[in-house]
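Okay, here's what each chain looks like letter by letter:
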Amino acid sequence: MFFFDSLVRVRAGTRTDRGGNQVKDWSPDKVNRLPVDQLNIQPATQNEDQDATRTAVVTGWHVQSAEGTHPDITAADRLEWKGMTLEVQGEVAEWSDPLTGEPHHIEFTMIRATG
């Protein structure tokens, strides 16, 4: 596999709400951006749902990091790639080297929902 792709991981900051609770803050000045490279990004899914008011399209891409890398990406993050803002679908799978137990790579699906 070739690992020439990159994206930007966007992690929410926090703020205190009226009740004194810490909540996610996606304001541009509060988020943390981290460029992530050494990825292989390939098309994975495309679904279309229609109802009387709209047509929703969900498009997904499978992402795998290069051997020996363990990018800091979680299911709670957003991702910026090719001018789109995407979400992690499900959890990020962490693969271990079967001989050493050390992190080998990660894999996940990122999706874009429109409609």
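Residues numbered from 1 in each chain as written. Predicted model: local features only at pLDDT ≥ 70, side-chain atom pairs only at ≥ 80, totals over all residues. Heavy atoms only, no water.

Caption draft 1: Here's a closer look at the nonpolar core. The biggest cluster of nonpolar side chains holds 16 residues, and the ones touching the most others in it are L7, I41, I73, L79, W81, F108 and M110. Every element with two or more residues in this core is listed here: β4 (32-50), β5 (55-65), β6 (78-81), β7 (84-96) and β8 (103-114). Of all the elements, β7 adds the most residues to this core, at four residues. Those residues within four positions of L79 in sequence are excluded, and the remaining contacts are L7, V8, R9, I73, M84, T85, L86, V88, F108 and M110. (Core = buried A, V, L, I, M, F, W, Y, C linked by side-chain atoms within 4.5 Å. Buried < 20%, exposed > 50% of the residue type's maximum accessible area, 1.4 Å probe, protein only. Helix = DSSP H or I, 4+ residues; strand = E, 2+ residues; numbered from the N terminus. Contact = heavy atoms within 4.5 Å.)

Caption draft 2: A look at the pattern of salt bridges. Taken as a whole, this structure holds four salt bridges when the rule is applied. Salt-bridge contacts for D72 lead to R11; the nearest nitrogen and oxygen are separated by 3.0 Å. Placement of D72 in the loop between β5 and β6 and of R11 in strand β1 (residues 5-11) is noted, with a sequence separation of 61 residues between them. Among the salt bridges present, the one from E80 reaches R33, with a minimum N-O distance of 2.9 Å. In this pair, E80 is assigned in strand β6 and R33 in strand β4, connecting sequence segments 47 residues apart. Given a relative accessible area of 25%, E80 falls into the partly exposed group. The partly exposed category is assigned to R33, whose relative accessible area is 44%. (Salt bridge = Lys/Arg side-chain N within 4 Å of Asp/Glu carboxyl O.)

Caption draft 3: Here's a closer look at the confidence of the model for the protein. Looking at the protein, pLDDT values average 91 and 94% of them are 70 or higher. For the protein, the element scoring lowest by mean pLDDT is β5, at 86; β1 scores highest, at 98. (pLDDT = per-residue confidence, 0-100.)

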